[in-house]
Amino acid sequence: MIILKHLLPRPSIRYLLRTNSTKPQKKFNPFNIEYDPINRTVTYPPELVINNQSYSTDSWTNVTPHILSRIGQNLHKQKYHPLSHLRNRLCQYFYQQYDPRKLSPKFSIIDNLSPIVTVEQNFDSICIPKDHVSRTKSMNYYINANTLLRAHTSAHQVDLIRSGLNAFLCIGDVYRRDNIDPTHYPVFHQCEGVQLFNKEQLFVDNKNVRGETKDLQIFAANEHRDATKQEGHTLEAVKLVEASLKQTITDLFKTLFPDVSTLNSRWVDATFPFTHPSWEYEVEIDGKWYELLGCGIMENRVLENSGLGKDHIGWAFGLGLERIAMVMYGIPDIRLFWSNDSGFLSQFAFDDSTRSVRYKPISIYPQCINDLSMWLGKAKIDPLDFYDLVRSIGGDLIEQVMLTDEFYHKKKDRHSQTYRIIYRSPDRTLTKNEINMIHKDIEDHCITQFGAEIR
């Protein structure tokens, strides 16, 4: 039995809120994760059974029942779901890129891989440094020290290349501990795109960037890393791959947003551990700029991990389906994607995924805003730990949480933090009594879990 301190709230208690009920009720807890309010500890069973597979628990385990309940829902594959429509459009676009030699589409579509991956798959295989912040428990949901819920679909990149694929999309749910607001949710859906080139595929016209005909190469021994390329890569190879990547992305978004007469876009230099050079792609819609994906030239070390580092070069991109769908359909709150409300889902009940539609709110329910101020000890609370606590207690009734104030009192040798919690149901008006009950439970958990003194 694994006992952890100061990690999670009491996950076995959730509220079944109804307008005619004010009592908290226990929710069925199939994972047997229990909270001890006296000792302020979370107790995990020796093993967690997820998708009929057993996983041992240890000091790294921090996944919650709320998160585990999302595994297998696969919103991107549910008929008539807005994310499914977007998935269909992505697939249609890439299926149109035909390989005349094989008499088949260039790109394979992979959308059925388990989100449970190893640390090696999620980080090591794509060259994320051992000390990189993206590996920490505060940013991920770990099942144990060696296993976690994937933080990106890039976790499958090396395995798919090793299987023989050189052009593919990998689509699936990903999990990250994140802020709570209308555009962030701890589970979202991502599409990874990869295309590789060997020498013959890349230099089809046998000309360099200056138009000279010569024996061009992907690699050269005297090439050094700089802002434009990696060590070992020739400038000719990098520029051709960059052109392929940017043309592919530009044409994709022209296809996704056909109603925008002139789609203004821009490329912003970026830095990622697994690509170099790297860019973010932004588009302007209705006078507002949206960052829609990150991409770049794949690090050759990733291809070396895949067994192709000596004779291939490639590009990769990653985009979030929810972010694009929110812009495409005018969906204002990311929680709506998880709604079973027929008023929401019926607006997308059509077969033609290219159909242009804008979400129409059924009704706008008022926000309820409560602040929570507390004295702490010498150590502050990590806001992500607080967000997980609030989400586990309030679930999807929590619209946003913000750290609005913090300071250190020298005389008292104590830290103080104030959080603003915004409650709003996506499908009904919440009562004051309901909100007060949830807020009081959050305060109680702050006292027992963090040793806080409510101010």
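Keep in mind it's a predicted model, so treat the numbers as computed, not measured.

Quick look at the sheet that holds strand β15 (residues 187–197)
- The strand order across the open sheet built from 7 strands is β10-β14-β15-β19-β18-β17-β16, with neighbouring strands paired in mixed fashion. Edge strands, defined here as strands with exactly one partner in the open sheet, are β10 (108–110) and β16 (264–272). The mean angle between the axes of side-by-side strands here comes to 20°, regardless of whether they run parallel or antiparallel.
- The sheet contact formed by β16 and strand β17 (residues 275–285) spans 8 bridges and is antiparallel. Bridge pairing links Ser265 to Val283 in β17.
- Its contacts with the sheet place helix α2 (residues 82–95) against β10, β14 (167–175), β15 and β19 (313–320), and it is angled at close to 165° to β14.
- With respect to the sheet, helix α6 (residues 235–256) is in contact with β15, β16, β17, β18 (288–298) and β19, its orientation differing from that of β19 by roughly 30°.

Description of the confidence of the model for the protein chain
- When the pLDDT values of the protein chain are averaged, the result is 87; 88% of them are 70 or greater.
- Scored below 50 in pLDDT, residues 1–28 makes 82 contacts in the model with residues more than four places away or belonging to other chains.

Topic: the packing of α2 against helix α8 (residues 321–329)
- The geometry of α2 relative to α8 is characterised by a closest axis approach of 10 Å and an angle of 100° between their N-to-C directions. Between α2 and α8, the angle falls in the class roughly perpendicular. Residues Pro82, Leu83, His85, Leu86, Arg89 and Leu90 of α2 touch α8, and the partners they reach there are Leu321, Glu322, Ile324, Ala325, Met328 and Tyr329.

Observations concerning empty space enclosed by the protein
- One pass over the structure, following the stated rule, counts 2 cavities of 30 Å³ or more.
- In this structure, the largest cavity spans a volume of roughly 60 Å³.
- Along the walls of the largest cavity sit Tyr141, Arg177, Asp178, Ile180, Pro186, Leu384, Tyr387, Asp388 and Arg391, which together make up its complete lining.
- By residue class, the composition of the lining of the largest cavity is 5 nonpolar, no polar and 4 charged.
- Formed jointly, the lining of the largest cavity draws a minimum of three residues from each of two domains, domain 1 (75–329) and domain 2 (364–454).
- One number sums up the size of the second largest cavity: a volume of about 40 Å³.
- For the second largest cavity, the full set of lining residues is Thr64, His66, Ile67, Tyr141, Pro186, Asp388, Arg391 and Ser392.
- Sorting the residues of the lining of the second largest cavity by element identifies α1 (65–68) and α10 (383–394) as the ones contributing at least two each.
- Among the elements that make up the lining of the second largest cavity, the one with the highest residue count is α10 (3 residues).
- For the lining of the second largest cavity, the residue count by class is 3 nonpolar, 3 polar and 2 charged.

Cut-off values and rules
Residues numbered from 1 in each chain as written. Predicted model: local features only at pLDDT ≥ 70, side-chain atom pairs only at ≥ 80, totals over all residues. Heavy atoms only, no water. Pairing = 2+ DSSP bridges. Helix = DSSP H or I, 4+ residues; strand = E, 2+ residues; numbered from the N terminus. Axes fitted to C-alpha atoms, helices over the stretch in contact; angles between N-to-C directions. Contact = heavy atoms within 4.5 Å. pLDDT = per-residue confidence, 0-100. Parallel < 35°, antiparallel > 145°, perpendicular 65-115°, else oblique. 1 Å grid on protein atoms, 1.4 Å probe; cavity = no way out; pocket = protein on both sides within 12 Å on 5 of 7 lines; lining within 4 Å. Points joined across faces, edges and corners; volume = space filled by probe spheres on them. Nonpolar A, V, L, I, M, F, W, Y, C, P; charged D, E, K, R; others polar. Domains from an automatic or database assignment.

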